Amino acid sequence: MVACAQAQVTQSVEEDTVRVKVKKPDSLREKIYPRAVRIGTDVLVLALNTSRASGWEVHGDVDLGRHYLAVDYGGSSRKDLLATGGSYENSGSFWRAGVDINLLRKDPDRNMFFIGFRYGRASFNETVNVVSSDPFFGSLSYQLRNPSASAAWGELTTGLRVKVWKEFWMGYTARMKFAGSVSGDDNVGTYIAPGFGIVGQGITWGFNYQLFWRIPFAKPKKPPITAVPK
Amino acid sequence: MVRLLFPGMLALLFSACLDDPDCVSNSTNIMRISLKRLDVDSARTVKFFWISASGTDSVFHQGDSVSVLRLPVNTGATATTYKFYYETKIDSLVVGYRRKTKVVSPECGAFPQYENLAVLSTSFVEVKVITTQLAIGVSKNLEIKL
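What you see is a predicted model; the values in this text were computed from it and never measured.

Q: Sorry if this is basic, but what is going on with the overall build of chain B here?
A: Check the secondary structure of chain B and you find one helix and ten strands. Mapped from its N terminus to its C terminus, chain B presents α and β elements in the order α-β-β-β-β-β-β-β-β-β-β. In chain B, which comprises 146 residues, the share counted as buried stands at 41%. The long-range share in chain B, meaning contacts at least 24 apart out of those at least 6 apart in sequence, stands at 48%. Counting every atom, chain B has about 7700 Å² of accessible surface; 54% of that belongs to carbon and sulfur.

Spelled out as structure tokens, the structure:
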């Protein structure tokens, strides 16, 4: 009898329950379409330029909603005097391309705290002026050169993008660079690949402090509201 | 989450400062040659009057009775010719190699490397290349049967 009464109560509760499918807010279900492009440069690299080493980088990304297509392009050149005599010269350019994922999904200004991935490639040349001495063959100097070396690597990135004023943005990107490989290093064992860093250490690290200008695209037009005839 | 991740990211970034390279190189221009008997696979000790090398007036292993030779390759060329004066014979050996250099860091400097060692010509009956790179720790680059 008691069991029968419990069954009746459960049935009535189920009948009273109304299942409402809650639609997720738009901020969590952003459509993928290009909203804006952001173009910037790394001021840290420019600030650290010296007569010995110089470089530059430009950065761009396309706002697709939660995801951003990111592209970097840069160049560098350096000349070092070596402790063993002679010198090392390196100059070239590099690019990176990848995707950033914004973890701040509800920010009204579209500020970003992101993680991402990049694939990078560099083409460069290296020259080493070698000065050596040998007890049997005497001292001599000669030049060895990699005229067209190239490098490839992957990067895990993280960082911030913050809206400062109108369309002016600031941010930083920290990079963990891995799986570096070099080809064309027949005469000089590559020391530095532009955009990657010192070759042969496994993982290298990078840091950019960036200024951006954001150029928004026109918002997609909503379909016109047509009057429904009565 | 940002508050938790930010210090971790900074710590990870500054750990890169611990990656300074060591000024260590195992490069050398010394080639190691082991001498073997023609008939059986065993070491042969030979008394040399001397061995000459192209590019230098120095002579090597003068009056030595040895089964392993240590001969320098010419650092200013990509091939070296050796002449072996021993017993009642004179034999020659020409080896070729690629000269490469590796910069460890500006503070450490550049170290030459010799690799792709090959026998270009010889008057010995048999010369076998064992290890093509000259490096400290390599026990044998060539094997000569005589």
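Q: Just checking my understanding: could you explain the interface of chain B and chain A for this structure?
A: For an interface, size is often stated in terms of accessible area lost upon the parts coming together. Counting residues at the interface gives 36 residues for chain B and 32 residues for chain A. Across the chain B/chain A interface, buried area totals approximately 2800 Å², and carbon plus sulfur atoms make up 67% of it. Joining chain B to chain A, the criterion identifies zero salt bridges. The interface formed by chain B and chain A includes eight residue pairs in polar contact (both at pLDDT 80 or more). At the level of elements, α1 (2-14), β7 (89-105) and β8 (109-122) of chain B are the ones that each hand at least two residues to the side of chain B that touches chain A. Broken down by element, the residue count for the side of chain B that touches chain A peaks at eight residues, all from β7(B). Split by residue class, the side of chain B that touches chain A holds 18 nonpolar, twelve polar and six charged. One ladder, built from two bridges, connects strand β8 (residues 188-189) of chain A with β7(B); its direction is parallel. Of the residues in β7(B), the one forming a bridge with Gly189(A) is Lys102(B).

Q: Looking at this structure, how should I read the sheet that holds strand β1 (residues 36-42) of chain A?
A: The strands that make up a sheet pair up through hydrogen bonds in the backbone, lying either parallel or antiparallel. All names here are of chain A. Taken in spatial order, the eight strands of this closed barrel run β1-β2-β3-β4-β5-β6-β7-β11, and their pairing is antiparallel. Looking at each pair of strands side by side, their axes are set apart by 25° on average, direction ignored. As paired strands, β1 and strand β11 (residues 204-216) are joined by seven bridges and run antiparallel to one another. Residue pairing across strands places Val37 opposite Ile215, the latter belonging to β11.

Q: Would you explain the nonpolar core in this entry?
A: Buried together is how nonpolar side chains tend to be arranged in soluble globular proteins. In terms of nonpolar packing, the biggest core is built from 26 residues, with Met31(B), Tyr82(B), Phe84(B) and Leu93(B) touching the most fellow members. Contributing elements (two or more residues each) for this core: β1 (30-36), β2 (46-53), β5 (68-72), β6 (79-86), β7, β8 and β10 (142-145) of chain B. Considering each element in turn, this core owes the most residues, four residues, to β2(B). Setting aside its immediate chain neighbours within four residues, Met31(B) contacts Leu69(B), Arg70(B), Leu71(B), Val73(B), Tyr82(B), Val95(B), Leu117(B), Leu134(B), Asn141(B) and Leu142(B). Membership of the second largest hydrophobic core comes to twelve residues, among which are Val130(A), Leu144(A), Val188(A) and Val103(B).

Q: It is not clear to me how unusual backbone geometry should be interpreted in this structure. Could you clarify?
A: Residues apart from glycine generally show negative phi values, whereas peptide bonds are mostly found in trans. In the Ramachandran plot, Ala179(A) falls in the positive-phi region, its phi being about 55° despite a non-glycine side chain. In this fold, Ala179(A) is placed in strand β7 (residues 168-183). By relative accessible area, Ala179(A) is classed as exposed at 57%. In this model, Glu87(B) sits at a positive phi of 40°, which is unusual for a non-glycine residue. Among the structural elements, Glu87(B) can be located in the loop between β6 and β7. Glu87(B) sits in the partly exposed class, given a relative accessible area of 36%.

Q: What is the right way to look at the state of the cysteines in this model?
A: The term disulfide refers to a covalent linkage connecting the sulfur atoms of a pair of cysteines. All names here are of chain B. Per the stated rule, a full pass over the model turns up one disulfide over all chains. In this model, Cys23 is linked to Cys108 through a disulfide, with the two sulfur atoms separated by 1.8 Å. Because the sign of the S-S torsion sets the handedness, a value of about -75° for the bond joining Cys23 and Cys108 places this disulfide among the left-handed ones. Taken as a pair, Cys23 in the loop between α1 and β1 and Cys108 in the loop between β7 and β8 lie far apart in primary sequence, 85 residues in all.

Q: Can you walk me through the pattern of salt bridges in this structure?
A: Close approach of charged atoms allows side chains with opposite charge to pair. All names here are of chain A. Summed over the entire model, instances satisfying the criterion amount to 21 salt bridges over all chains. The shortest N-O distance in the salt bridge between Arg118 and Asp100 comes to 2.9 Å. With Arg118 in strand β5 (residues 112-134) and Asp100 in strand β4 (residues 86-102), this pair connects stretches of sequence that are 18 residues apart. In this structure Arg118 comes out as buried when scored by relative accessible area, which is 1%. On the accessibility criterion, Asp100 (0% relative accessible area) is buried. For Glu155, the salt bridge goes to Arg175, with nearest N and O atoms at 2.9 Å.

Q: So what exactly am I meant to see when it comes to the pairing of β7(A) here?
A: The side chains of a regular strand alternate between the sheet's two faces. Residues and elements named next belong to chain A. For strand β6 (residues 138-165) and β7, the ladder comprises 14 bridges, and the chain directions are antiparallel. Each bridged residue has a counterpart across the sheet, and for Thr157 the counterpart in β7 is Arg175. The hairpin formed by β6 and β7 contains two residues between the paired strands, and Lys166 there has a positive phi angle of roughly 50°.

Q: Which parts of the structure should I look at to understand the packing of aromatic side chains?
A: For any pair of aromatic rings, geometry is given as the distance between the ring centres together with the angle between the planes. Per the counting criterion, the structure on display carries 13 aromatic pairs over all chains. Pairing Tyr97(B) with Tyr114(B) gives two aromatic rings, centres 6.0 Å apart and planes at 80°, and the pair type is edge-to-face. Placement of the pair is Tyr97(B) in strand β7 and Tyr114(B) in strand β8, with a sequence separation of 17 residues. You can call Tyr97(B) buried: its relative accessible area is 7%. What links up through ring pairs into an aromatic cluster is the set Phe48(B), Tyr82(B), Phe84(B), Tyr86(B) and Phe124(B). The side chain of Arg35(A) reaches across the aromatic face of Tyr33(A), ending 4.1 Å from its centre.

Parameters and conventions
- Residues numbered from 1 in each chain as written.
- Chains lettered and ligands numbered in written order.
- Predicted model: local features only at pLDDT ≥ 70, side-chain atom pairs only at ≥ 80, totals over all residues.
- Heavy atoms only, no water.
- Helix = DSSP H or I, 4+ residues; strand = E, 2+ residues; numbered from the N terminus.
- Buried < 20%, exposed > 50% of the residue type's maximum accessible area, 1.4 Å probe, protein only.
- Contact = heavy atoms within 4.5 Å.
- Areas by Shrake-Rupley, 256 points an atom, 1.4 Å probe, with all protein chains shown as cover.
- Buried area = accessible area lost by both parts, 1.4 Å probe.
- Salt bridge = Lys/Arg side-chain N within 4 Å of Asp/Glu carboxyl O.
- Polar contact = N/O pair within 3.5 Å; in protein donor to acceptor, adjacent residues only side chain to side chain.
- Nonpolar A, V, L, I, M, F, W, Y, C, P; charged D, E, K, R; others polar.
- Pairing = 2+ DSSP bridges.
- Axes fitted to C-alpha atoms, helices over the stretch in contact; angles between N-to-C directions.
- Core = buried A, V, L, I, M, F, W, Y, C linked by side-chain atoms within 4.5 Å.
- Disulfide = S-S within 2.5 Å.
- Phe/Tyr/Trp six-rings, centres within 6.5 Å; stacked < 30°, edge-to-face > 60°.
- Lys NZ or Arg CZ within 6 Å of the ring centre and 35° of its normal.

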